Amino acid sequence: MNLTTIVFQVRSMADVMYESRYEPWSRFLTGKRGARPTWNPLEWIVDECHERGLECYAWVNPFRAPADKDAVSDFDAMCRRNNWLLTYGKYTTLNPGIESVREHIVNVCREIVTLYDVDGLIFDDYFYPNGIPENESAPDYRLYKEANTAIPIGQWRRSNVHKLVADVSAMIFDECPDVRFGISPAGVAGTSGTSARQWGLTPVDVKAADWQWKDIFSDPVGWLYEGTIDFVSPQLYWPTHHVTAPFQPLARWWDYAAGRHGRHSYPSITLADMEKSSDSDLLDDHLLQVEMTGDLSTPGVMLYSAKFLDRIDNALRYSLFGNKALSPRADWKYPHKYDAVKGLRRKGDRLVWNETEPDTPGATVRYAVYAFPSKLDAAEVADSDGEPGIDGRYLLGVTYSPEFEIPSRAGKGMTYAVSVLDGNSIEHPYAYL
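Residues numbered from 1 in each chain as written. Predicted model: local features only at pLDDT ≥ 70, side-chain atom pairs only at ≥ 80, totals over all residues. Heavy atoms only, no water.

Description of the environment of Leu121
Keep this limit in mind: For the purposes of this entry, the term helix denotes a DSSP run of H or I that reaches at least four residues, the term strand denotes a run of E that reaches at least two, and both are numbered from the N terminus. We call two residues in contact whenever any of their non-hydrogen atoms come within 4.5 Å of each other.
Mapped onto the elements of the fold, Leu121 is located in strand E5 (residues 120-123). Each C-alpha atom, one on Leu121 and one on Phe8, is 9.6 Å from the other, the two residues being 113 residues apart in sequence. Not counting residues up to four positions away in its chain, the partners in contact with Leu121 are Ala58, Val60, Cys109, Ile112, Val168, Ile172, Val179, Arg180, Phe181 and Gly182.

Structure follows, in structure tokens:
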């Protein structure tokens, strides 16, 4: 499909899809929380993604925790002993107001990014229990009073989430600065009654409410303002012309909000409504949404979930996703400097070259491979959008190893170009053959 990235859910309910020192194996993998499987899904999927030139992001639900009937591991017992859990109604989370809870989540994230060669880390939109009150009846009210702060409890809760996001961001910068860190919040934020003006933005002009501000105490505009995330992927899970939450105005507002603070927005589109429907109008509506994201300053879209890709893959592959693509450049991250690859040569139907060593410990080194007719000059193959580099229509693909199989579609009489593609999706000087 010419996708660039797979987002794999590695931690959904304070449980994991990899070998962890901190948390139990997921029951969604084995059927029983804490039961050890015979394989390591995260290790496997990173390898499989990189073999195909795909980036792999680890998807973490930061605070969500299981209900008592499912909380059967030693870790769950520890959470109860330490009063780490916060329950309201049917929702249970690890308590964001407890510093040791936040430290634990940072350690979990550190484990993921240091032990596995992931390209990114993304949080989902679970923060405080949905609808938790802001008065004396709240289960965390005593903790709030013990904080001895003058700010309202709602602002205190949002500040706790801000602290976690900032701490994870700082950890990634220290440990693996190439890893991109983003969050997929609810689709509406920054209304006139919540956070937009506080962070210097024009409020979003839609009728839908910013329920996440007061219901789960999420403030994504604040994360963008503070520069603690690299991207947002707002969940715009509504039809294009929804009465209160129309797709295009929301996508444009998020693009404006992220761009104002030098970050990226990749709207998230759900394909779940296609599971039981083959309505052509539904397909056309999703294709229209994908097309609309191409008009944003940072083109990019996330499709939820892979389970439903077969309902839309052909339509995208032969139209909007007709060409290979690189992930958008993250110019604000740690800068790298690489020379052109050495020893570029052809061996049968493969291009090979000497491996480039990372310029800093733990840095990501990939390669972008191009082919264009030899009769074209440099001006004719330059990026048509004015960006540095070769036009994307000549991109054959990305590889994490110093070799690339030449596809038959490349044809004869071609010039090949290979560049180091660093973890920020910035290309370095080309080598030509």
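Structure's up, so let's keep going.
Digging into a negative patch on the surface
Note the following rule: A residue counts toward a patch only above 30% relative accessible area and without a salt bridge, and it is joined to like-charged neighbours within 9 Å or, for Val, Leu, Ile, Met, Phe, Trp and Tyr, to nonpolar neighbours within 5 Å. Shrake-Rupley sampling with a 1.4 Å probe provides the accessible areas, and residues are treated as covered by the protein chains on show and by no other component. What makes a salt bridge here is a side-chain nitrogen of Lys or Arg within 4 Å of a carboxyl oxygen of Asp or Glu, nothing more. When charges are tallied, Lys and Arg are placed among the positive residues and Asp and Glu among the negative ones, while His and the ends of the chain are skipped. For the purpose of locating charges, the reference atoms are NZ of Lys, CZ of Arg, CG of Asp and CD of Glu. Here's how the labels work: a residue is buried when its accessible area is under 20% of the maximum for its type, exposed when over 50%, partly exposed in between, all with a 1.4 Å probe on protein chains only.
A cluster of acidic residues, Glu43, Asp47, Glu51 and Asp117, forms a negative patch on the protein surface. Structurally, the position occupied by Glu43 is in helix H2 (residues 41-51). With relative accessibility at 45%, the residue Glu43 sits in the partly exposed group.

Re the sheet that holds strand E8 (residues 264-265)
Note the cut-off: Only strands that DSSP links by at least two bridges are regarded as paired with each other. Here an axis means a line fitted to C-alpha atoms, over the contact stretch when the element is a helix, while the angle between two N-to-C directions is reported on a 0 to 180 degree scale.
Taken in spatial order, the 6 strands make up an open sheet running E1-E2-E5-E6-E7-E8, and their pairing is parallel. Edge strands, defined here as strands with exactly one partner in the open sheet, are strand E1 (5-11) and E8. Bridge count between strand E7 (residues 231-232) and E8: 2 bridges; the pairing is parallel. Within E8, the position partnered with Phe231 by the bridge is His264. Relative to E1, H2 is tilted by about 175°, and along the sheet it contacts E1 and strand E2 (55-60).

Some points on the pairing of strand E3 (residues 85-88)
Bridging between E3 and strand E4 (residues 91-94) involves 4 bridges; their strand directions are antiparallel. From the neighbouring strand, Leu86 faces E4, where its bridge partner is Thr93. Linking E3 to E4, which pair antiparallel, is a turn of 2 residues; within it Gly89 sits at a positive phi near 60°.

Quick notes on helix H10 (residues 280-293)
Inclusion rule: Expected span of a helix: the number of residues minus one, times 1.5 Å. The definition of a polar contact used here is a pair of N or O atoms within 3.5 Å, where within protein one atom must be able to donate a hydrogen and the other to accept one, and adjacent residues in sequence count solely through side-chain atom pairs.
With 14 residues, H10 should cover 20 Å at 1.5 Å per step; its first-to-last C-alpha distance of 20 Å lies within 8% of that length. For H10, the full list of buried residues reads Leu282, Asp285, His286, Leu287, Gln289, Val290, Met292 and Thr293. On its buried face, H10 is in contact with helix H9 (247-260), strand E9 (268-270), strand E10 (302-304) and helix H11 (313-317). You can read the cap of H10 off the contacts: a side-chain oxygen lies 2.9 Å from the backbone nitrogen of Asp281, and it is on Asp279.

Thoughts on the environment of Tyr304
Mapped onto the elements of the fold, Tyr304 is located in strand E10. The class of Tyr304 is partly exposed, set by a relative accessible area of 34%. Sequence-distant contacts of Tyr304, that is, excluding residues within four places in its chain, are made with Trp59, Tyr237, Ser268, Ile269, Thr270, Leu271 and Ala272.

Observations concerning the packing of aromatic side chains
Note the threshold: Stacked, edge-to-face and tilted are the three classes for Phe, Tyr and Trp ring pairs, Trp counted by its six-membered ring, which pair at centre distances within 6.5 Å; planes under 30 degrees apart are stacked, over 60 edge-to-face, the rest tilted.
Overall, the coordinates contain 19 aromatic pairs when judged by the stated rule. Consider the rings of Phe63 and Phe127, whose centres lie 6.5 Å apart with planes at 65°: the pair is edge-to-face. Taken together, the residues Phe63 in the loop between E2 and helix H3 (74-81) and Phe127 in the loop between E5 and helix H5 (141-146) connect sequence positions 64 residues apart. What makes Phe63 buried here is its relative accessible area of 0%. Overall, Phe127 belongs to the buried group, its relative accessible area being 1%. Taking the centre distance of 5.2 Å and the plane angle of 70° together, the rings of Trp353 and Tyr367 count as edge-to-face. Taken together, the positions of Trp353 in the loop between strand E12 (350-352) and strand E13 (365-373) and Tyr367 in strand E13 put the pair 14 residues apart, joining distant regions of the chain.

Observations regarding the side chain of Glu55
If you trace the backbone, Glu55 turns up in strand E2. Given a relative accessible area of 5%, Glu55 falls into the buried group. Among the polar contacts made by the side chain of Glu55, one reaches the side chain of Tyr57 at a distance of 3.4 Å. Looking at Glu55, its side chain comes within polar contact range of the side chain of Ser327, at 2.7 Å. Those residues in contact with Glu55 that lie beyond four places of it in its chain are Thr4, Thr5, Ile6, Cys49, Asp119, Ser327, Arg366, Tyr400 and Ser425.

Structural notes on the pattern of salt bridges
Under the criterion given, the structure shown has 20 salt bridges. Its salt-bridge partner being Glu23, residue Arg11 comes within 2.6 Å of it at the nearest N-O pair. Within this pair, whereas Arg11 is found in strand E1, its partner Glu23 is found in the loop between E1 and helix H1 (27-30), the two being separated by 12 residues in sequence. Under the relative-accessibility criterion, Glu23 is labelled buried at 5%.

Description of the side chain of Asp125
For Asp125, the location among the structural elements is in the loop between E5 and H5. Here Asp125 is in contact with Ser184, Pro185, Ala186, Ile216 and Gln235, once residues within four sequence places are set aside.

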